[in-house]
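Residues per chain are reported as follows:
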Amino acid sequence: MTTLLGIELSGRSVLIVGGGPVADRRARAALDDGARVTVVAPELDAGLGGLAASAKVDWRPRPVRPEDLDGVWLVQAATDSAEVNAAVADWASDQRVWCVNAGNVEQGSARTPATAHGDDLLVGVVSVGSPDPRRVRAVRDQLIVLLRSGRLDQRRHRRLDGRAAGRERLAS
Ligand SMILES: C[C@@]1(CC(=O)O)c2cc3[nH]c(cc4nc(cc5[nH]c(cc(n2)[C@H]1CCC(=O)O)[C@@](C)(CC(=O)O)[C@@H]5CCC(=O)O)C(CC(=O)O)=C4CCC(=O)O)c(CCC(=O)O)c3CC(=O)O
Ligand SMILES: NC(=O)C1=CN([C@@H]2O[C@H](COP(=O)(O)OP(=O)(O)OC[C@H]3O[C@@H](n4cnc5c(N)ncnc54)[C@H](O)[C@@H]3O)[C@@H](O)[C@H]2O)C=CC1
C-alpha cells in the first residue's frame, strides 16, 4: 500500500540513473530539495549536460553498477531500458534504498507525487495502486486553484519555530 511521507533530502545523496528528460526532471527536483545529486549514464541530453558542466551534479559517464547505490538514500531509475531499471530496483531493495522506477511503478518502492506549494505548505498527490500520472497532475492543478483562491483556512496553529503556542491563540 502506498503512503505519503515528507522526507528531508537536504544534504543527502540521490542517485539518478539515466540521462534523458525524465532523469533531468528528477535531478532538478532533487537539487531544488538540496540533495547531493549523482547522475550515472553513458550519455546526457543537453539539459543534464549543462548541470554536469556547471558541476551542479556529479556525472559518472558509464552504465550503472550496483556499487553506485552505496551511501545513497534515494535512487531514480530512469533509463530507457526496462531491464536496467528493474536491476536498479532489485539492487536498491537489497540495500534498503528507496527506489523510484520511472518506467514501472510495481518494481520500485516509491513513486513521485505531483506537487503544489501553497505558501509554506506542500501538497502532494499520488495514485494508490495503479499509476495514472495525468490524473494526479490534473488533481494537483485543481488543488493549486483552491490553495490560491483564499477559500482555505491556512492559519497557523503554532509559532513559526514549530513550537506549540500553548493556550495562546495565534490567529483569532
Ligand atoms: C508511477 C510513476 C513513477 C514515478 O514516480 O516515476 C510514473 C510512471 C509513469 N509515467 C509515465 C508517463 C508520464 N508521466 C508524466 C508526468 C508525471 N509523472 C509523474 C509521476 C509518476 N509517473 C509516478 C506516479 C504517478 C501516480 O501516482 O499515478 C509526475 C506526477 C511527477 C514527476 O514525474 O515529476 C509527473 C507530472 C508532474 C507535474 O506535472 O508536475 C507524463 C506527462 C508529461 O510528461 O507531460 C507522462 C506521459 C503521459 C502519460 O503516459 O500519461 C509512464 C509511461 C511511460 C512510457 O509510456 O514509457 C510511467 C510508467 C508507468 O506507467 O508505470
Ligand atoms: N515517470 C515519468 O514521469 C515518466 C517516465 N517515463 C519512463 O522514464 C524512462 C526514461 O524516459 P526518458 O528520459 O524519456 O528516456 P531517454 O530514452 O530519453 O533516456 C534514456 C537514458 O538512459 C540512459 N541509459 C541507458 N542505459 C543505461 C545504463 N545501463 N545505465 C545508465 N544509463 C543508461 C541513456 O544513456 C539515456 O540517457 C522510460 O522508462 C520511460 O518509460 C517516461 C515519461 C514520463
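Quick note: structure is the one above.
Structural notes, computed from the coordinates. Sequence order as written defines residue numbering, which begins from 1 separately in each chain. Chain letters start at A and ligand numbers start at 1, both assigned in the order the entries are written. Since the coordinates come from a predicted model, pLDDT governs what is reported: local features require at least 70, and pairs of side-chain atoms require 80 or more to be given and counted, while whole-chain, interface and lining totals use all residues. Here the side-chain values reflect all heavy atoms present in the structure, with hydrogen atoms and water set aside.

Attention now moves to the sheet that holds strand S3 (residues 58–60). In this scheme, strands are said to pair when DSSP sees at least two bridges between them. Put simply, DSSP H or I for four residues or longer makes a helix, DSSP E for two residues or longer makes a strand, and each gets a number counted from the N terminus. Sheet architecture is open: five strands sit in the order S3-S2-S1-S4-S5, paired in parallel fashion. Looking at the sheet topology across the chains shown, the edges are occupied by S3 and strand S5 (98–101). Strand after strand, the sheet turns through a mean of 20° between neighbouring axes, direction not considered. Strand direction decides the pairing type here: strand S2 (residues 36–40) and S3, joined by three bridges, are parallel. Across the sheet, residue Val-40 finds its bridge partner in S3, namely Arg-60. Axes, fitted as lines to C-alpha atoms, cover a helix only where it is in contact. Angles between the N-to-C directions of the axes lie from 0 to 180 degrees.

This brings us to the site of ligand 2. Within the structure, ligand 2 sits among 21 residues, and Gly-19, Val-22, Arg-25, Val-64 and Thr-79 are positioned closest to it. Distance and chemistry together define a polar contact, namely a pair of N or O atoms within 3.5 Å, with one atom able to donate a hydrogen and the other to accept it when in protein, and with adjacent residues in sequence counting only for side-chain atoms on both sides. Here an oxygen atom of ligand 2 sits 2.9 Å away from a polar atom, N or O, in the main chain of Gly-19. Pro-21 is positioned with one of its backbone polar atoms (N or O) 3.3 Å from an oxygen atom of ligand 2. Throughout, the Shrake-Rupley method with a 1.4 Å probe supplies accessible areas, and for residues the shown protein chains are the sole cover considered. Calculation on ligand 2 without its partners gives an accessible area of 870 Å², and the protein chains cover 67% of this total. Judged by the fraction of its atoms near the pocket grid, ligand 2 is located in the second largest pocket. Those elements giving two or more residues to the shell around ligand 2 turn out to be helix H1 (21–32) and helix H3 (82–95). The dominant element in the shell around ligand 2, judged by the number of residues it contributes, is H1, at four residues. When residue character is reported, Ala, Val, Leu, Ile, Met, Phe, Trp, Tyr, Cys and Pro are called nonpolar, Asp, Glu, Lys and Arg charged, and the others, Gly included, polar. Of the residues in the shell around ligand 2, the class split is 11 nonpolar, six polar and four charged. To be near a molecule or strand, a residue needs just one of its heavy atoms within 4 Å of it. Any residue with an atom within 4 Å of a point lines the site, the site being either a cavity, points on a 1 Å grid over the protein atoms alone where a 1.4 Å probe fits but cannot get out, or a pocket, an open set with protein on both sides within 12 Å along at least 5 of 7 lines. For this analysis, a molecule is said to be in a pocket or cavity if more than half of its atoms are within 2 Å of the grid points defining it.

That's the geometry; what it means functionally is another story.
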